[in-house]
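# Secondary and tertiary structure notes
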Amino acid sequence: MADQYARTGEDKRSTGMPVIRWEEPPEGPVVVLLDQTRLPTEEVERVCTDASALVEAIRSLAVRGAPLLGIAGAYGVALAAARGFDVDEAAVALSGARPTAVNLSVGVRRAASAYRSALAEGGDTGAAAAAALVAARALHREDAEASARMAEHGLALLDELLPGGGHRILTHCNTGSLVSGGEGTAFAVALQAHRAGRLRRLWVDETRPLLQGARLTAYEAARSGMAYTLLTDNAAGSLFAAGEVDAVLIGADRIAADGSVANKVGSYPLAVLARYHHVPFIVVAPVTTVDPETPDGASIEVEQRPGYEVTEVTAPQVPVAGAGGGIPVAPLGTQAYNPAFDVTPPELVTAIVTEEGAVSPVTAEALAELCARSRQVTIS
């Protein structure tokens, strides 16, 4: 079995440059992103000078992951305000760039609200733009803090469910520092287990169709010196059957009020496998991912991606011939079903871990109580 063994020495952050940052060069403010479509072969930054450029970066997945999308959305509003563009128009465009990820609209609303409040209080557009930037930076900082707390709560839950350490964790998509102001959500828990000497193996689903597991999670695991092994998505069942999985840890792009979880497509089959094999299925996400306005899983809008993401593959420095700029792997004209996410019902979720603690069993009442407690903490 192909393997990657842990290295000695200090852990490294998953990437050597910030995933997102605000800069103010002489020609005007910009948002600078690590272009995740170029990983793992190269670390290249993309500079966004206006909200429309940021919208394109979000749609193309140059910047992605629920918490980071919230941060990007907030910075996008601040950028529009600072550059003198229509803030309301920018907010609408940013919020609609990826409909399933609720954090994106949360971040946009937070910065836009700060902008409007400053105007209502008699400030000029410059003061309002500064207020939007303060809100974006605060969200960025809070997400980093939330990430650290989620890691602690998640590891405590793992140790409670699986005493003795030696955890063999299966994860899906990418949930590390590439999606967060900190070290991530589900990946941050695995990283905490690694640092505590309690991670035996991180099983990394390659995650079709865009290979966020192979390209990004394996990249972060390697940079962190973790023991990890990459597998095709449809090989997960054989791992469960062989008794090689102790827990499944995933992130979330939206959690409905009843506890239904929308995450990268392929998550729901893992939940079914985990239930059959009596393996904990744990979702790790900040409280901002819980959307009380979405009553249940059937109400979650699932983003449909272009078919060429399935019918073509991309490779650096290789001539391309497909409509999407990749190498065709299916006959010309093949139709593809390509939802970005699927929805896991709450009865298949062992626990939802947030920065405010874990919810188990997952019920609408427990989630509502958690959200209320989080609001109280924020207000105080």
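Residues numbered from 1 in each chain as written. Predicted model: local features only at pLDDT ≥ 70, side-chain atom pairs only at ≥ 80, totals over all residues. Heavy atoms only, no water.

Our focus in this paragraph is the overall build of the protein. Secondary structure assignment for the protein yields eleven helices and 16 strands. Rg of the C-alpha trace for the protein: 20 Å, near the compact-globule value of 21 Å for 380 residues, within the 12% margin. With respect to the three principal axes, the spread of C-alpha positions in the protein is 65 × 55 × 45 Å. Put simply, the protein has 380 residues, and 53% of those count as buried. Once local pairs closer than 6 in sequence are excluded, the contacts in the protein between residues at least 24 apart make up 74%. Put simply, the protein shows about 16,100 Å² of open surface, and 53% of that area lies on carbon and sulfur atoms. Each charge class in the protein can be summarised by its mean position, and for the 30 positive and 45 negative side chains these summaries are 4 Å apart. (Helix = DSSP H or I, 4+ residues; strand = E, 2+ residues; numbered from the N terminus. Rg over C-alpha atoms; globule rule 2.2 N^0.38 Å. Buried < 20%, exposed > 50% of the residue type's maximum accessible area, 1.4 Å probe, protein only. Contact = heavy atoms within 4.5 Å. Areas by Shrake-Rupley, 256 points an atom, 1.4 Å probe, with all protein chains shown as cover. Lys, Arg positive; Asp, Glu negative; His and termini not counted. Charge placed at Lys NZ, Arg CZ, Asp CG, Glu CD.)

On average, residues of the protein carry a pLDDT of 92, and 92% of them reach 70 or more. Counted against residues more than four places away or in other chains, residues 1-15, with its pLDDT under 50, gives 45 contacts. (pLDDT = per-residue confidence, 0-100.)

Attention now goes to the pairing of strand β5 (residues 199-205). In terms of burial, β5 is largely enclosed, as six of its seven residues are buried. As paired strands, strand β4 (residues 167-171) and β5 are joined by five bridges and run parallel to one another. Counted as the bridge partner of Thr171 is Val204 from β5. Crossover β4 to β5 through helix α6 (residues 186-195) is right-handed. In terms of strand pairing, β5 meets strand β6 (residues 228-231) through four bridges, oriented parallel. (Pairing = 2+ DSSP bridges. Right-handed = clockwise from strand over helix to strand, strands pointing away.)

Moving on, we get to helix α2 (residues 66-83). In this model α2 runs 26 Å from its N-terminal to its C-terminal C-alpha over 18 residues, within 8% of the 26 Å that 1.5 Å per residue would give. With respect to burial, α2 is a largely interior element, 16 of its 18 residues being buried. Positive backbone phi, approximately 85°, marks Gly84, located one or two places after α2. (Expected span 1.5 Å × (residues − 1).)

Below, the discussion takes up the packing of α2 against helix α5 (residues 125-161). The interhelical angle for the contact between α2 and α5, taken along N-to-C directions, is 165°, at an axis separation of 8 Å. It follows that α2 is roughly antiparallel to α5 by the angle criterion. The two elements α2 and α5 cross, and the hand of that crossing is left-handed. Seen from α2, the contacting residues are Pro67, Gly70, Ile71, Ala74, Tyr75, Ala78, Ala81 and Ala82; seen from α5, they are Ala129, Ala132, Leu133, Ala136, Arg137, Leu139, His140 and Asp143. In the contact of α2 with α5, the residues fall into twelve nonpolar, two polar and two charged. (Axes fitted to C-alpha atoms, helices over the stretch in contact; angles between N-to-C directions. Parallel < 35°, antiparallel > 145°, perpendicular 65-115°, else oblique. Left-handed = near helix turned anticlockwise from the far one by under 90°. Nonpolar A, V, L, I, M, F, W, Y, C, P; charged D, E, K, R; others polar.)

With that settled, the discussion passes to the sheet that holds strand β9 (residues 261-264). Pairing is mixed in the open sheet, where four strands are placed in the order β11-β8-β9-β14. Lying at the two open borders of the sheet, with one neighbouring strand each, are β11 (290-291) and β14 (341-344). Contacts from helix α9 (residues 267-276) reach β9 and β14, with the element oriented near 35° to β14.

Formed by 47 residues in total, the largest nonpolar core has its most connected members in Ile20, Val31, Leu33, Ile58, Tyr75, Val77 and Leu94. The element contributing the most residues to this core is α2, with eleven residues. Discounting residues that sit within four places of it in the chain, Leu33 has contacts with Val19, Ile20, Val44, Glu45, Arg46, Cys48, Leu54, Ala57 and Val63. Core analysis: the next-biggest nonpolar cluster, separate from the first, contains 29 residues, Leu170, Ala236, Val245 and Ala285 among them. (Core = buried A, V, L, I, M, F, W, Y, C linked by side-chain atoms within 4.5 Å.)

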